[in-house]
Amino acid sequence: MLKEMIDEVTKANQGFYQAFESLDIRQMDMRWVQEDYVTCIHPGWDVRAGWPEVRDSWVRIFNNTFSMEFRLSDIMIQVAGDIAWVLCRENIKNKQDGETQEAQVLATNIYERVEGRWLIVHHHGSHVM
């Protein structure tokens, strides 16, 4: 049973990064619990709390990014009941203002199982120095 849940969370996490790469807010909308308790911390940003603020942060990123590509490594997944968390290293290639940039970010993604679907409730990314 635990292996099945870890597989489900793995797929949910892959879906989150596919939505991120798509730069499509509608795809990102489908990955999140849309409640007041969701939170997001992008590298160098303050905490965004509540779905409207979290969603707005994604809109701002998507509107200022031409392309985004992720290769995840060092993935660790834990499940406890209806909550799961994923720790990973995001190896990112992106284009902003016509320039390609590469970065590494350590990320924590927390998921909640809602009506059988794993949806994200918290994303935190910190640059690797």
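Analysis parameters
Residues numbered from 1 in each chain as written. Predicted model: local features only at pLDDT ≥ 70, side-chain atom pairs only at ≥ 80, totals over all residues. Heavy atoms only, no water. 1 Å grid on protein atoms, 1.4 Å probe; cavity = no way out; pocket = protein on both sides within 12 Å on 5 of 7 lines; lining within 4 Å. Points joined across faces, edges and corners; volume = space filled by probe spheres on them. Helix = DSSP H or I, 4+ residues; strand = E, 2+ residues; numbered from the N terminus. Nonpolar A, V, L, I, M, F, W, Y, C, P; charged D, E, K, R; others polar.

Participant: Hey, could you run me through the layout of surface pockets in this one?
Facilitator: To find the voids left in a structure, one rolls a probe of water-molecule size over its atoms. Estimates place the volume of the largest pocket at around 360 Å³. Together, 21 residues line the largest pocket, and P43, M68, I92, N94 and H127 are the ones closest to its centre. Of all elements in the fold, only helix 3 (51-63), strand 3 (67-80), strand 4 (83-96), strand 5 (99-114) and strand 6 (117-127) reach the threshold of two or more residues within the lining of the largest pocket. Here the residues of the lining of the largest pocket are counted per class, giving 9 nonpolar, 9 polar and 3 charged. In this structure, the second largest pocket occupies an estimated 160 Å³ of space. In this structure, the second largest pocket is lined by T10, N13, Q14, Y17, Q18, E21, F70, L72, I75, I77 and V86. Breaking the lining of the second largest pocket down by element, the ones donating at least two residues are helix 1 (2-22) and strand 3. For the lining of the second largest pocket, the residue count by class is 6 nonpolar, 4 polar and 1 charged.

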